[in-house]
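Working through the structure, step by step
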Amino acid sequence: MVKAKYQQIKLHIQQRIDAGIWAEFAKLPSENQLAESFNCSRMTARRALTELAEEGILERSQGLGTFVAEL
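How each quantity is defined
Residues numbered from 1 in each chain as written. Predicted model: local features only at pLDDT ≥ 70, side-chain atom pairs only at ≥ 80, totals over all residues. Heavy atoms only, no water. Helix = DSSP H or I, 4+ residues; strand = E, 2+ residues; numbered from the N terminus. Buried < 20%, exposed > 50% of the residue type's maximum accessible area, 1.4 Å probe, protein only. Contact = heavy atoms within 4.5 Å. Areas by Shrake-Rupley, 256 points an atom, 1.4 Å probe, with all protein chains shown as cover. Lys, Arg positive; Asp, Glu negative; His and termini not counted. Charge placed at Lys NZ, Arg CZ, Asp CG, Glu CD. Salt bridge = Lys/Arg side-chain N within 4 Å of Asp/Glu carboxyl O.

1. Let's talk about the overall build of the protein
Secondary structure assignment for the protein yields three helices and two strands. Beginning at the N terminus, the succession of helices and strands in the protein can be written as α-α-α-β-β. When each of the 71 residues of the protein is scored for burial, the buried share is 30%. Long-range pairs, those at least 24 residues apart, make up 55% of the contacts in the protein between residues at least 6 apart in sequence. By element, 49% of the accessible surface of the protein is carried by carbon and sulfur atoms, the whole surface being about 4,700 Å². Considering the protein, the positive charge centre built from 9 side chains and the negative charge centre built from 9 side chains are found 8 Å apart.

What follows is the structure, given as structure tokens:
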């Protein structure tokens, strides 16, 4: 079964964090950059980032960006 685009983005981010590619406090690509990479809307990328932030995996700061939360 094909996952929704936002789920694909979430999985991509989670895998990079788990592999140590993005360590804690690392800055993630912007919503626009993720949307372009995954060929989707910015709102889809935002949903993925928002859900990961709600799960405590990411921290979002308006004007600064999205970062890996302290592990």
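Having seen the model, we can carry on.
2. A short note on the pattern of salt bridges
All chains considered together, the criterion is met by six salt bridges. A salt bridge links Arg42 to Glu31; the shortest N-O distance between them is 2.6 Å. Of this pair, Arg42 sits in helix H3 (residues 42-54) while Glu31 sits in helix H2 (residues 31-37), placing them eleven residues apart in sequence. Residue classification places Glu31 among the buried residues on the basis of a relative accessible area of 12%. The partner of Arg46 in a salt bridge is Glu31, with the nearest N and O atoms 3.3 Å apart. Of this pair, Arg46 sits in helix H3 while Glu31 is found in helix H2, placing the two residues 15 residues apart along the sequence. Three or more residues joined by partner-sharing salt bridges are found here, namely Lys10, Arg47, Glu51 and Glu55.

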